[in-house]
Amino acid sequence: MARQRHRILLLLALAVALAPPGRALAADPPAAPGPLTPVPPVAPAPLTPVAPADGARLDAGWSVRFQVQTTAPGDVRVIISRASATDADGLLLQGDAVDLGYASPNRLAPSIYEWAAPAGDAFLHRPGTYYWQAFTVVGPTGAGRLGVAGPVQAFDVALPASARARGRIPRAIGRARDGASFELNLRGVPAAIDPPRFARLVGITARRWGLRRHGTTSAVPGVRDGRSVVGFGTRLKSGALGEELEYVLRTYRQRRTCYAGICSAAGPRTLVSSRVVERDVVIDSRVAWEEGPEYPSGDQYDLETVLIHELGHFAGNRRHATRCDQSSPMIDTIFNGEWWRTPGDAFVVCPTPQGTGQVSAAGLRPARRAGRLVTRQIVVGELVRAE
Ligand SMILES: [Zn+2]
């Protein structure tokens, strides 16, 4: 309301300043009545969207240049929103906003203001319909107020069906282990997650690594019981979203020496084999998950991403990929709001997100929290072969 009042005062001030001199004396009895010059209406210079066109379809993952034409005074900003609702001033609601950019004048056409949303901004990767709007802020830095708000325009961020297909995980990312199977525990599924949805996600993800889901069980994942189980739980390492546990039986070779007819194994032991006798995957049930097919919001972790990762360990991929070297689900950490679902449907901020200046300062992005994707070997037995 205060903003509205400021604007009205500003308009009144402008109206007085622009009024012809005779107008100020209008209250005095006119000496010789003459024709009054009408006061021209003081309309703020409009903001005219230039690009992208209203309703444009943009390919996910690419930078986009938002352009408006205006001669209005003040700084030009661009707001991107998930919803088209506006407030009393006609501005898109801050609460729905997903990004905010500061536009600057184009060098060749100074009445064109533009902001290139970087390809690293999340909304450019998350398919869906968005709304954008340019507006001006007038007044001193830090205490500016709304000047003029342009019209709200829509655009779609689109991902081709081919990028969405849940095919085999490419060999370059990790090896599959065809035929290996596990049982699914649906008992620990947290209330916020639909158990059939979870079962379907696990089934689809398993196939992508060559694994087989072999029925359901009440056996608890993360407990050594001779059964390989995938499910939710709460006993994980601190900061872990998911853990793949490998129970290992180790066999060593040791030299047998005999002295005076008494033989014993002595000296250094050599590891001969390390056999995994059971594998469990535990997903933390206390995390704010996005179960899909929607994409995780800034304060959620992506369940499918964590399943792809942990079942990737289950398939025999022990090593982690380097976060910034390649697009892989096998990186050791993901942040809230990130995902890796297919090689063409992924959003992992690189370098590791620290918050990106003005945008996080505007409060549009929740703080980044790292979630670790763990694999652990637990030695459950050692055999020594003396020879
Ligand atoms: Zn891992």
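As the structure is a computational prediction, the values presented were derived from the model and not from experiment.

On to helix α4 (residues 195-208). The terminal C-alpha atoms of α4, which comprises 14 residues, lie 20 Å apart, in line with the 20 Å expected from a rise of 1.5 Å per residue. Turning to α4, its buried residues number three or more, namely Phe198, Leu201, Val202, Thr205, Ala206 and Arg208. Here the buried residues of α4 occupy an arc of 150 degrees about the axis, which is enough to place them on one side. Looking at the buried positions of α4, the neighbouring elements they touch are β11 (181-184), β12 (212-216), β13 (229-233) and α5 (303-314). Phi for Gly210, located one or two positions after α4, is positive at around 80 degrees.

With antiparallel pairing, four strands are arranged side by side in an open sheet as β1-β3-β7-β6. Edge positions in the open sheet fall to β1 (48-51) and β6 (104-105), since each of these has one partner strand only. As paired elements, strand β3 (residues 64-69) and strand β7 (residues 112-117) share six bridges and run antiparallel to each other. Counted as the bridge partner of Gln67 is Glu114 from β7.

What follows deals with the confidence of the model for the protein chain. Summing up the model confidence of the protein chain, the mean pLDDT is 86 and the portion of residues at 70 or higher is 86%. Scored below 50 in pLDDT, residues 1-27 shows 15 contacts in the model against residues more than four places distant or in partner chains. Predicted confidence for residues 355-363 stays below pLDDT 50, and this span has ten contacts to residues more than four positions away or in other chains.

Compared with the 16 Å implied by 1.5 Å per residue over twelve residues, the 16 Å span of α5 between its first and last C-alpha is a close match. In terms of residue burial, α5 counts as a mostly covered element, since twelve of its twelve residues are buried. Phi for Gly316, located one or two positions after α5, is positive at around 110 degrees.

In the case of a regular strand, side chains alternate between the two sheet surfaces. Sheet topology note: the strand β14 (residues 240-259)/strand β21 (residues 370-386) ladder contains 14 bridges and is parallel. Across the sheet, the residue bridging to Tyr247 is Ile378, located in β21. Pairing geometry for strand β18 (residues 333-335) and β21, over three bridges, is antiparallel. Across the sheet, residue Ile334 finds its bridge partner in β21, namely Gly371.

Conventions we followed
Residues numbered from 1 in each chain as written. Predicted model: local features only at pLDDT ≥ 70, side-chain atom pairs only at ≥ 80, totals over all residues. Helix = DSSP H or I, 4+ residues; strand = E, 2+ residues; numbered from the N terminus. Expected span 1.5 Å × (residues − 1). Buried ≥ 20, exposed ≤ 12 C-beta atoms within 10 Å, placed from the backbone. Arc of directions from axis to C-beta. Contact = placed C-beta atoms within 7 Å. Pairing = 2+ DSSP bridges. pLDDT = per-residue confidence, 0-100.

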